[in-house]
Amino acid sequence: ALHIVTPGSNTSLIQPGFSLLHFGSHVFYLGQKGWPKRSCPTGVFLLDLKNNDLKLRPTTFTNDSCYLPPLRHPAVCSFSASQGGEITQYLIHGGKTPNNEISHKLYIMTMVFTVNKRFSLCCTEKDLAGDVPEARYGHSMNVVFSRGKTAVVMFGGRSYMPLNQRTTENWNNVIDCEPLVYLIDLQFGCSTSFNLRELQDGLSFHVSLARNDTVYIFGGHSLGNNFRPPNVYKIKVDLPLGSPAVSCTVINSKLSFSSSMVTQTSPDEFVIVGGYESDSQKRLICNGVFLDDETIDIQEIETPDWTGEIKHSKTWFGADMGKGAVLFGIPVDNKHQSTDCSFFFYVLNFGDNDPSLQTCSQGSTEEQEDSMPLEDSEEFTFNRDGNIFDEDT
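Residues numbered from 1 in each chain as written. Predicted model: local features only at pLDDT ≥ 70, side-chain atom pairs only at ≥ 80, totals over all residues. Heavy atoms only, no water.

For clarity, the threshold we go by: UniProt positions are given in the numbering used here, feature names are shortened, and annotations may be inferred rather than shown by experiment.
Under the annotation held in an unreviewed UniProt entry, the protein chain carries the name V(D)J recombination-activating protein 2 and is attributed to Xenopus parafraseri. According to UniProt, the comment filed for the protein chain under the heading Sequence similarities (unreviewed entry) is "Belongs to the RAG2 family." Per its UniProt entry, the protein chain bears the Subcellular location (unreviewed entry) comment "Nucleus".

Given below as structure tokens:
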């Protein structure tokens, strides 16, 4: 089902490269346009989608939280205490700030409920040691489970070229990060890099899916040779008592795309939607991905009835809302230009639940990111107690 949604309060802050975090029925928006104002310092918003009206409501953080800047194109993944359990944390790494600086930090986001059933978010910064990944954006992170232990797998992304190679003319030029696989132990903050011969090119804006001890990498774009590989890279992680082992198998899928969105419809089923087949060609088909212990099955599924605006738009961007739904936007053309919002927004739902009826419910456009205007955000006002918002605030 495809629904157009009406942009409401604070939706002018939505820009390409945003991320969505979903804790149960609550979905949070990260990656606002511009820096947060002093009166609304968090830059993270509760996504309120009711009766096809889209609103962003300011969110409070606990007093012991660290500052989380608005980040475009970070790597984001959920973390649960047990395999297949309820999401308890989100990991956020890298991304671009509104100043176009690239972050190297790893943040852990949790949701905290108070005695009166109100909630706040808590953000902490995690220090890494060992082979620490360099600052990057457009990369991926996934959590794997092996032998009763967990680890985080990080791969891909782009970064600025090294300082000793930068001149005035190429100061803002970005390059592919080395095609290394990083394995991060969250408990001890130890990071180890692996150089796998099957991974020869740096990739960014790819799709990554995890099941048990395996991560699957689909598509992506390599700056070095302007290439979107038609391969699936199956990265398997073994976590014995001693040193971990990482291996890679290459599967030819004949799918070549970048900047797609992915949503999970069941424990073993995912849907890939959107993205680009080339620099000038959007990808209008959808694929279902079915995983089991050893095999992967990729099938083209029924295509939504795209509107004329979607078909003719050159760019689109979005993120996973959870439960089989994605939120995406396309630029408003000059004929429909509005001072309130510069994008049309849609919800595409592959699941059983209709997010448009809920109060609360690494796709991105790499081609457009460097030309986005760095506008400041709108001014917001809190109520006196700082965490209660009425309908009109």
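Having put the structure on the table, let's press on.
### Things to note about the pattern of salt bridges
For clarity, the threshold we go by: We count a salt bridge whenever a side-chain nitrogen from Lys or Arg sits within 4 Å of a carboxyl oxygen from Asp or Glu. Each residue is assigned to one of three classes by its accessible area relative to the maximum for its type, calculated with a 1.4 Å probe on protein chains only: buried under 20%, partly exposed between the two thresholds, exposed over 50%. The secondary structure listing takes helices from DSSP runs of H or I that are at least 4 residues long and strands from runs of E that are at least 2 residues long, numbered from the N terminus.
In total, this model carries nine salt bridges according to the counting rule given. With its nearest N and O atoms 3.8 Å apart, the salt bridge here joins R197 to E198. Here R197 falls in the exposed class, since its relative accessible area comes to 67%. On the basis of relative accessibility, which here comes to 24%, the residue E198 falls in the partly exposed class. The partner of K234 in a salt bridge is E294, with the nearest N and O atoms 4.0 Å apart. Here K234 is found in strand β19 (residues 231-238), whereas its partner E294 is found in the loop between β25 (286-291) and β26 (296-301), with 60 residues between them in sequence. Looking at K234, the relative accessible area reads 13%, which means it is buried.

### Quick notes on the packing of aromatic side chains
Here a ring pair, both rings aromatic, is described through the centre-centre distance and the interplanar angle of the planes. Definition in use: For Phe, Tyr and Trp, rings pair up if their centres lie within 6.5 Å, where Trp contributes its six-membered ring, and each pair is then called stacked (planes under 30 degrees apart), edge-to-face (over 60) or tilted (otherwise). Any Lys NZ or Arg CZ found within 6 Å of a ring centre and within 35 degrees of that ring's normal is scored as a charge over the ring.
Under the defined criterion, the tally for this structure stands at 13 aromatic pairs. Ring geometry for F28 versus F119: centroids 5.7 Å apart, planes at 80°, classification edge-to-face. With F28 in strand β3 (residues 26-30) and F119 in strand β9 (residues 119-126), the pair connects residues that are 91 residues apart, well separated along the chain. Using a relative accessible area of 0% as the deciding quantity, one classes F28 as buried. Each ring, one from W316 and one from F328, has its centre 5.6 Å from the other, and the planes form 85°; the classification is edge-to-face. Here F328 lies in strand β28 (residues 325-331) and W316 lies in the loop between α1 (308-312) and β27 (317-322), a separation of 12 residues in the sequence. In terms of burial, W316 and F328 fall into one category: buried. Ring pairing ties together the aromatic residues F18, Y29, F317, F343 and F345, which thus form one cluster. The residue whose ring lies beneath K282 is W316, and the NZ or CZ to ring-centre distance is 5.3 Å. The ring of F257 has R283 sitting right over it, with the charged end atom 4.7 Å from the ring centre.

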